[in-house]
Amino acid sequence: MATLADFRAEKPNWCPGCGDFTVLAALQKAAANIGLEPEDMVTVSGVGCSGKISQYMGSYGFHSLHGRSIPVATAVKLSNTDLTVVAAGGDGDGYGIGIGHFIHALRRNIDITYIVMDNHIYGLTTGQTSPTSDKGTKTKTAPDGSTDEPVHPLQMAIMAGCGYVAQGYSGNLKQLTELIEGGMKHKGFSLINIYSPCVTFNKVNTYDFYKQTLVNVDEDPSYDKTDRFAAIKKIEECDEHLTGLLYHSTEKLPYHEANSNFPSTPVVKADINLDQENWGKLIAQFK
Amino acid sequence: MSKDLGWKVGGAQGEGIESTGDIFALSLFRLGYYVSTYRHFMSLIKGGHTNGKVRVTTENKGHHGDDLHILLAFDQETINFNFHELVDGGFLIYDTSIKNVEVPENDKVNIVPVPLTDIAKEAGSTIMKNMVSIGATAAIIGLTPDDFRSVLTDRFGSKGDDVVESNIQAMQKGYDYYKANFSNHIELPARPALRPERLFISGNEATSIGAIAGGARFLSQYPITPATEVMYQMVKNFPKLGGAVVQAEDEIAAVMMAIGANYTGARALTATSGPGFSLMMEALGLSGISETPLVIIDVMRAGPSTGLPTKTEQSDLYTIMYGSHGEIPRIVLTPRNVEEVFYFTKEAFNLAEKYQCPVIVATDLFMGMNKWTVESLDFDKLQNNRGNFASQEYLDSLEKGEYKRFDVTAENGISVRTIPGMKNGRFVAMGNESDEVGVEMEEAELRVKQMDKRAKKLVGFDDIVGASYVGAENAELLLVDFGSTSGIQREVYEALVEEGVSVGHLSLARVLPFPTADVAPYINAAKKILVTELNSTGQLAQQLKQFVGGHEKFESFLKYSGDPLLVREVLAKAKDVAASLKKEVTL
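Read on for an overview of the structure. Treat the numbers as computed from the prediction; the structure is a model and nothing was measured. (Residues numbered from 1 in each chain as written. Chains lettered and ligands numbered in written order. Predicted model: local features only at pLDDT ≥ 70, side-chain atom pairs only at ≥ 80, totals over all residues. Heavy atoms only, no water.)

**What about the environment of Glu205(B)?**
Let me state the cut-off plainly: Helix numbers and strand numbers start at the N terminus; a helix is a DSSP run of H or I with at least 4 residues, a strand a run of E with at least 2. Using a 1.4 Å probe on the protein chains alone, a residue whose accessible area is under 20% of its type maximum counts as buried, one over 50% counts as exposed, and one in between counts as partly exposed. Contacts: residue pairs with any heavy atoms within 4.5 Å of one another.
Inspection of the secondary structure puts Glu205(B) in helix α7 (residues 203–213). Overall, Glu205(B) belongs to the buried group, its relative accessible area being 16%. Separated by 133 residues in sequence, Glu205(B) and Val338(B) have C-alpha atoms that sit 9.2 Å apart. When near neighbours in sequence (up to four residues on either side) are disregarded, Glu205(B) contacts Phe286(A), Gln233(B) and Lys371(B).

Shown next as structure tokens:
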């Protein structure tokens, strides 16, 4: 059986103190805890600091294009449903250029785990406003403070029918690992939005800031994770400054099971050669 | 006996024009004829003028022909737009229920007013006016309603025998009406022997079954005219073969999914047309640098932007050859007839895996949305070959971390590929430049090595013959084209040969790697070169000049109205060029 060490690959070159280190560690631990073999897992990333995670994770990987991790991850899963597939990106990557894919993967309920390293800033391009930047955030591209309404990924995911919506924080490895594990086990699309501080370019949303503001619903026995509207209410009450498994429902089948035309054996195992009988049937309609 | 028969039905969109054309065309095909069709339609659901042309011939022709012998008009617009195409001795059959009908004066055309709607009403329903009109046609060309029975049975049989019979009856009434009121006839071309292996198939359908025969088991696509039909075949056939279709949210998702599926080890494709292809540009580069196989079908239509969604053009040539930033190896195939559409699409999957790069198969609306007779298609002709795949035994023999997905020492630049699930074969497919293992790097020397590795792949590529030539040795006039215009050009060539012109016909079947060696001898030998293409800037001619030279010899026949070529218009230009050659000789 694989150990944690088997899920380690390249040494990360993120800035010292970057929140993404914890995300990577949690992902590696979650994979090992679940008992995955590295060859049976694929990590697909987009572009940016977060995009580098596919190289650091010891699974198979795909470092794709900006905002496009989800369609690649979708196809990986649908081509080989035996694989465990994680899509990973940042707030700019996933909620900016890639937000369309996000919503559509939710609608389809593709059985992948989507990890978003949300630092409220564009890091790799040296600090511009991101889709989750709070109103009033001052950046190089919004010197007088951003006036755009930030994207609300948790609420969006719940409203779009996502069956597993969680939020973690790079200051809490243990909880984050559990949330990712839960997402990987969930049959269907799971979102884990992670507050992952950018220590270089974001001087507002820091570890200290989150330590002071975050409410952990996992520690609240009265919180009902199965109630969609209660979840949204709680998220809004906390101004999104909360962690834990916020909504969980196992009602919906994942795409490859809900769709009766979807093959029951992995597509990659299908015979690519036709026989005479199948060929005959195929061309009969053109006679 | 006529050489061929051109038949056309026209009316308002939504009036059953397409099905009337289909029934006529398929019936003639089943009688043994070679049939080429052309659908004229607009980007509308209902209303607007639409027509369908069917050309019936004794030999295989690559296009629907210039001439029209019989025109069936359900409305005044059909007469207005198409009457002028009728040859002397041709027939106009029109519905007498067209209000204030106006027929141009032409005493060389047989005018056949038939109360199509009234007869159909009498037969049970006005919907059957198309059957009445086919009946009248049958009477003109010496067929009987029974010749159409098998197609009607296939089409309406599921609704009950009485539905088939009432359609036959409507046809019979149209037939009888003509016999009772008119007497002129037109003879069908000589009927070829029936050959059961022949198919009547559109370019898009040939693309689909070519992909299926080539082992494609994953399609991600976003609907777009004229490529949408590719998806229909997959939706119908993939479940039985263990394959999957995803209707993507946009073309970017479609191409990224196709890349993801190929990376995972499925043979996957996406199909689109120009606007969608433009959206896929960034991903094309990703396939190239990450060395992930990818097959894209571009069914070209008239651009730029959304341009003319329902009209044909060959103006994506530069885009399919050079689109996407940076430099990657790619293969671009331009099939010239439906058989080639099938075989090239099938082979595209072998090429994508063999060379681990994108393969684009470019057809167009003219080829894709129209139906053609093909002699036969052989699903077994080109064996599926998966290229340089690692075996598990090979991976087991390596030390951990020793496997190099992007090994620069690989022969011909093609390194060993693994797929998820294989032990010890872990790698990261990279959109950024990487080292041999697949770790991002920017080091100058390694960068150059990786660029050179990828560029090496297609040196000496000869898997698909680049061009074919027919004609005299050292012909003075050379006709050149690519893709779907080749069939029309062949007729132009034949007409010139008959007139004693020293002419050759060179047609390109692929544009990347550019088939310089295949075309250069003919370009160099010719005195004048006429390049015919469906775009306004002469894109193919520019490529020939760039790769071969001979700038001063080139002339172009360019068409970018959205309509397909006519033989007579290209022929007129070719004759001009031939005449200029003669002048040069006498001077």
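Picking up where we left off.
**Looking at helix α5 (residues 149–156) of chain B**
All names here are of chain B. Note the threshold: Read the arc as the range of directions from the helix axis to the C-beta atoms.
Buried within α5 are the following residues: Val-151, Leu-152 and Phe-156. All buried residues of α5 project into a common sector of 105° when viewed along the axis, lining one side. In this structure, the buried residues of α5 make contact with α1 (17–30), α4 (129–141) and α6 (161–181).

**Description of the sheet that holds strand β7 (residues 164–169) of chain A**
What counts here: Should DSSP find at least two bridges between two strands, the strands are regarded as paired.
Spatially, the nine strands line up as an open sheet ordered β9(A)-β10(A)-β7(A)-β8(A)-β4(A)-β3(A)-β1(A)-β2(A)-β15(B), and their pairing is mixed. Edge positions in the sheet fall to β9 (215–216) of chain A together with β15 (428–430) of chain B, since each has one partner strand and no second. Inspection of the sheet shows strand β4 (residues 113–118) of chain A paired to strand β8 (residues 190–195) of chain A by six bridges, in the parallel sense. The partner of Ile115(A) across the bridge, within β8(A), is Ile192(A).

**Here we look at the packing of aromatic side chains**
Under the convention used in this document: Pairing of aromatic rings covers Phe, Tyr and Trp, the last counted by its six-membered ring, and requires centre-to-centre distances within 6.5 Å; plane angles under 30 degrees mean stacked, over 60 mean edge-to-face, and any other angle means tilted. For a lysine, the NZ atom is tested; for an arginine, the CZ atom; a charge sits over a ring if that atom is within 6 Å of the ring centre and within 35 degrees of the ring normal.
This model, assessed by the stated rule, comprises 27 aromatic pairs over all chains. Following the ring pairs from residue to residue traces out a cluster consisting of Tyr60(A), Phe62(A), Tyr263(B), Phe406(B) and Phe427(B). The residue whose ring lies beneath Arg228(A) is Phe229(A), and the NZ or CZ to ring-centre distance is 5.9 Å. Between the NZ or CZ atom of Lys381(B) and the centre of the ring of Tyr343(B), over which it lies, the distance is 4.3 Å.

**Concerning the state of the cysteines**
All names here are of chain A. Rules: The disulfide criterion used throughout: a pair of cysteine sulfur atoms within 2.5 Å.
Using the criterion set out here, one finds zero disulfides over all chains in the structure. Cys-198 forms no disulfide, and the closest cysteine sulfur to it belongs to Cys-15, at a distance of 6.4 Å. On the basis of relative accessible area, Cys-198 is assigned to the buried category, the value being 10%.

These values are about where atoms sit, not about what they do.
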